[in-house]
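One letter stands for each residue in the lines below.
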Amino acid sequence: MDKHEPPRTAEPGPRRRDRHGRGMRGPVAPPQVPLSASRAEGFTDLVQDSVERLERRWPQLADIDFLVLDVPRLEDASTPSDALHEETVPLGGTAEAQGDRRARIIVYRRPVEIRTKSRDERAALVHEVVVEQVAELLGLSPESVDPRYGEE
């Protein structure tokens with residue numbers, strides 16, 4: 001009873017718990033679980049899977065850069081007015097090799113995602129786009145690049 005407690009200071013100490021007493025919240029899922037992968041990372045994985053599938057048959061694809069962009073840029077059209085009057089948005093594109101730069105195949109993520117409802121549909125459409133762009137860059141038909149083209 002005779003103990004004397006010093007008065008508390010007005011400055012709060014480090015916060016160890018939230019105000020409801022359940023403790024600090026952690027991540028919803030560990031990083032190795034697919035739930036923690038972003039939509040963009042998942043899409044990039046689909047493109048990479050498609051490229052790996054084609055590289056078994058076409059080893060020269062190792063010399064091509066595959067890129068994923070969110071949307072096509074307006075400057076990619078020949079003139080800005082053409083882009084405004086264009087009825088379809090491209091799902092992918094190619095760029096020939098120039099000087100030190102390697103040839104590129106570009107897949108546009110948002111236009112593909114908008115046209116698909118499930119992961120399986122998205123994977124099939126990504127593969128179709130990659131096959132079409134590889135065929136255009138190599139000067140071949142899509143069926144010769146992947147015999148299963150159009151079947152899925």
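Basis of the calculations
- Residues numbered from 1 in each chain as written.
- Predicted model: local features only at pLDDT ≥ 70, side-chain atom pairs only at ≥ 80, totals over all residues.
- Heavy atoms only, no water.
- Axes fitted to C-alpha atoms, helices over the stretch in contact; angles between N-to-C directions.
- Helix = DSSP H or I, 4+ residues; strand = E, 2+ residues; numbered from the N terminus.
- Parallel < 35°, antiparallel > 145°, perpendicular 65-115°, else oblique.
- Left-handed = near helix turned anticlockwise from the far one by under 90°.
- Contact = heavy atoms within 4.5 Å.
- Nonpolar A, V, L, I, M, F, W, Y, C, P; charged D, E, K, R; others polar.
- Buried < 20%, exposed > 50% of the residue type's maximum accessible area, 1.4 Å probe, protein only.
- Pairing = 2+ DSSP bridges.

Draft legend 1. Layout of the packing of helix H1 (residues 39-55) against helix H4 (residues 119-138). One way to put it is that H1 packs onto H4 with a least axis distance of 9 Å and a crossing angle of 50°. With respect to each other, H1 and H4 are oriented oblique. Considering how the two elements wind past one another, H1 and H4 form a crossing that is right-handed. Of H4, the residues touching H1 (which contributes Gly42, Phe43, Leu46, Val47, Ser50, Val51, Arg53 and Leu54) are Arg119, Arg122, Ala123, Val126, His127, Val130, Val131 and Val134. Class assignment of the residues belonging to the contact of H1 with H4 gives a composition of 10 nonpolar, three polar and three charged.

Draft legend 2. Summary view of the environment of glutamate 151. The topology assignment puts glutamate 151 in the segment after helix H5 (142-145). Glutamate 151 sits in the exposed class, given a relative accessible area of 61%. Each C-alpha atom of the pair glutamate 151 and alanine 124 lies 9.7 Å from the other, and the pair is 27 residues apart in sequence.

Draft legend 3. Local environment of the sheet that holds strand S3 (residues 104-108). An order of S1-S3-S2 is seen for the three strands of this open sheet, with the pairing classed as mixed. Edge positions in the sheet fall to strand S1 (65-69) and strand S2 (92-95), since each of these pairs with one other strand and no more. Pairs of neighbouring strands in the sheet enclose a mean axial angle of 20°, with direction left out of account. Note: S2 against S3, four bridges, orientation antiparallel. When the sheet's bridge partners are listed, glycine 93 is paired in S3 with isoleucine 106.

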